[in-house]
Amino acid sequence: MANKTYKLGELIELSDERNSELKFGADDVRGMTIEKTVIPTKANMDGTDLANFIIVQPNEFIYNPRTHGKRIGLGFNDTDKPFLISWNNYAFRIKESAKKIINARYLFMNYNRPEWDRRACRDSWGTSTEVFSWDSMCDMEITLPDLKIQEKYVEIYETLVENQKSYERGLDDLKLTCDAYIEELQRKMPCEKIGKYINEVNVKNIENKFGIESIRGISIKKEFTDTKADTNDLSTTNYKIVCNDQFAFNPNTARMGEKICVAYNNSEENYLVSAIYPVFEVIQKNILCAEYLMMFFLRSEFDRYVRFNSWGSARETFDFPDMCEVMIPIPPMEIQHSIVDVFKVYNERKTINEKLKLQIKDICPILIKGSLEDAKEA
């Protein structure tokens, strides 16, 4: 059967079911990324009225109309449970009349193509903020093979995704092992303040040894990331240097998804971070292993502790003196190293998992092309 081209508006419609009865709470709020994944919201939900938030049912799509550089934030509810998104985003679904024409997951594969992002950003408009409107979405064209051919290629895609998720579940088990080990230590041995084992470092890039390519941000995943700030004509002399084996963190804890942004530089590179970020290092390395300390920071219990102990009016902060007050169990070095060995395996596998995700995204254009060629040969 020959391929057929449609306007997306013929196939999809807005979904505008509101949470007016407050069936869903703050834990159900989600956001989306430019990588086309659905994630727990990073916004602070304290005191937020959720009545106007949109309920997203299984097999429905979401997208953020505000563009982010060259990508559009979009996601797909591939779970069996509804969730909420903010009212200033869009939720949409396949029309009932179009379910014999297009498979929802096949449409999501289309959205995962870089060609789609390029087209969407080209069709965005605005001055201070560029917007990809719902009308622009509906005006886009999509070429489709027969539904059975779509389902054939969706099955290939879903097999790859399930394999990746199975690998990811194994990662969660490793992380739980590390967390459980530390919790057991907390119950069995006294905890000590880390202040006597760490020292603040305040070395700035005054001599311009490092350029804008060395600037890093810190994510709520507790990793150094490429900065999102505008670096045009930016002087880096006031930025702090983070050397190998040193930590840095963002003292501002408000609107960070109830997490503290702290990261450990285990690379061979030197990074630059904002002058307001405290930088510190372990000074008694024969007593406290830096990687063991980072494991402690990665625990959700630590995030809760930080939020509880943050202070301020206009914005809440957790500063270096507050960090020094953190209590941690410090077992003999051989025990710390044994836990860190498990943690290293976890990090290695996490890197592999991220590569698997990218490979799955990269294969979407290949699968779409294959399905269209398959239909021509049928």
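Details of the structure are given in the entry above.
Residues numbered from 1 in each chain as written. Predicted model: local features only at pLDDT ≥ 70, side-chain atom pairs only at ≥ 80, totals over all residues. Heavy atoms only, no water.

(A) Geometry of the sheet that holds strand E7 (residues 74-76). Strand order in the open sheet formed by four strands is E2-E9-E6-E7, with antiparallel pairing between adjacent strands. Bordering the open sheet on either side are strand E2 (12-14) and E7, each of which pairs with just one other strand. Direction aside, the axes of adjacent strands within the sheet are offset by 25° on average. Where strand E6 (residues 61-63) lies against strand E9 (residues 90-94), three bridges are found, and the strand directions are antiparallel. (Pairing = 2+ DSSP bridges. Helix = DSSP H or I, 4+ residues; strand = E, 2+ residues; numbered from the N terminus. Axes fitted to C-alpha atoms, helices over the stretch in contact; angles between N-to-C directions.)

(B) View of the packing of helix H1 (residues 104-111) against helix H4 (residues 147-188). Where H1 meets H4, the closest approach of the two axes is 9 Å, and the angle between their N-to-C directions is 65°. As far as their axial angle goes, H4 and H1 are roughly perpendicular. H1 and H4 meet at a crossing whose hand is left-handed. In this structure, H1 contributes Arg105, Tyr106, Phe108 and Met109 to the contact, and H4 contributes Gln150, Tyr153, Val154, Tyr157 and Glu158. Looking at the contact of H1 with H4, its residues break down into six nonpolar, one polar and two charged. (Parallel < 35°, antiparallel > 145°, perpendicular 65-115°, else oblique. Left-handed = near helix turned anticlockwise from the far one by under 90°. Contact = heavy atoms within 4.5 Å. Nonpolar A, V, L, I, M, F, W, Y, C, P; charged D, E, K, R; others polar.)

(C) Spotlight on the sheet that holds strand E12 (residues 198-201). Reading across the sheet, the four strands line up as E12-E19-E16-E17 and stay open at both edges, with antiparallel pairing between neighbours. Of all strands in the sheet, those with a lone pairing partner are E12 and strand E17 (262-264), marking the two edges. Taken over all neighbouring pairs, the strand axes of this sheet differ in orientation by 30° on average, direction set aside. Direction of pairing for strand E16 (residues 246-249) relative to strand E19 (residues 279-282): antiparallel, over a ladder of three bridges. Bridging across to E19, Ala248 finds its partner in Val279. In the packing of helix H5 (residues 290-297) onto the sheet, contacts are made with E12, E16, E17 and E19, and the angle to E17 comes to roughly 155°.

(D) Highlighting the layout of surface pockets. Estimated volume of the second largest pocket: approximately 230 Å³. Lining the second largest pocket are 14 residues, with Asn59, Ile94, Lys95, Lys99 and Ala104 positioned closest to its centre. Elements represented by at least two residues in the lining of the second largest pocket include exactly E9 and H4. (1 Å grid on protein atoms, 1.4 Å probe; cavity = no way out; pocket = protein on both sides within 12 Å on 5 of 7 lines; lining within 4 Å. Points joined across faces, edges and corners; volume = space filled by probe spheres on them.)

(E) Representation of the side chain of Asp374 within the structure. Within the secondary structure, Asp374 is located in helix H8 (residues 333-377). Note on Asp374: relative accessible area 19%, which makes it buried. At 3.2 Å, the side chain of Asp374 forms a polar contact with the side chain of Tyr153. Among residues more than four places away in sequence, those in contact with Asp374 are Ile149, Lys152 and Tyr153. (Buried < 20%, exposed > 50% of the residue type's maximum accessible area, 1.4 Å probe, protein only. Polar contact = N/O pair within 3.5 Å; in protein donor to acceptor, adjacent residues only side chain to side chain.)

(F) Inspection of the packing of aromatic side chains at higher detail. This model, assessed by the stated rule, comprises 23 aromatic pairs. Ring centres of Phe92 and Trp134 lie 5.5 Å apart, and the angle between their planes is 50°; on these two criteria the pair is classed as tilted. Of the two residues, Phe92 sits in strand E9 while Trp134 sits in helix H3 (residues 134-139), which places them 42 residues apart along the sequence. With respect to class, Phe92 is no different from Trp134; both count as buried. The ring of Phe296 has Arg299 sitting right over it, with the charged end atom 5.2 Å from the ring centre. (Phe/Tyr/Trp six-rings, centres within 6.5 Å; stacked < 30°, edge-to-face > 60°. Lys NZ or Arg CZ within 6 Å of the ring centre and 35° of its normal.)

(G) Here's a closer look at H5. The buried fraction of H5 is high, at seven of eight residues. Buried residues of H5: Ala290, Tyr292, Leu293, Met294, Met295, Phe296 and Phe297, and no others.

(H) Focus on the pattern of salt bridges. Counted under the stated rule, the structure contains 29 salt bridges. Put simply, Asp78 and Lys165 hold a salt bridge, and the shortest N to O gap is 3.3 Å. Of this pair, Asp78 sits in the loop between E7 and strand E8 (83-85) while Lys165 sits in helix H4, and the two are 87 residues apart along the sequence. Overlapping salt bridges, with partners in common, bring together Glu183, Arg299, Glu301 and Arg304 in one network. (Salt bridge = Lys/Arg side-chain N within 4 Å of Asp/Glu carboxyl O.)

(I) Representation of the packing of H1 against H8 in the model. Interhelical geometry of H1 versus H8 gives an angle of 125° and a closest axis separation of 8 Å. Comparing their axes, H8 and H1 come out oblique. Where H1 crosses over H8, the two elements pack in a sense that is left-handed. Taking contact as the criterion, the partners of Tyr106, Met109 and Asn110 in H1 are, on H8, Cys364, Leu367, Ile368, Ser371 and Leu372. Here the residues of the contact of H1 with H8 sort into six nonpolar, two polar and no charged.

(J) Summary view of the nonpolar core. The biggest cluster of nonpolar side chains holds 40 residues, and the ones touching the most others in it are Ile12, Phe61, Leu107, Tyr111, Trp116 and Met137. With near-sequence residues (within four places) excluded, Met137 lies in contact with Leu8, Ile12, Tyr63, Leu74, Phe92, Tyr111, Trp116 and Phe132. In terms of nonpolar packing, the next biggest core, distinct from the first, is built from 38 residues, Ile194, Ile198, Ala290 and Met333 among them. (Core = buried A, V, L, I, M, F, W, Y, C linked by side-chain atoms within 4.5 Å.)

What is shown is where atoms sit, not what they do.
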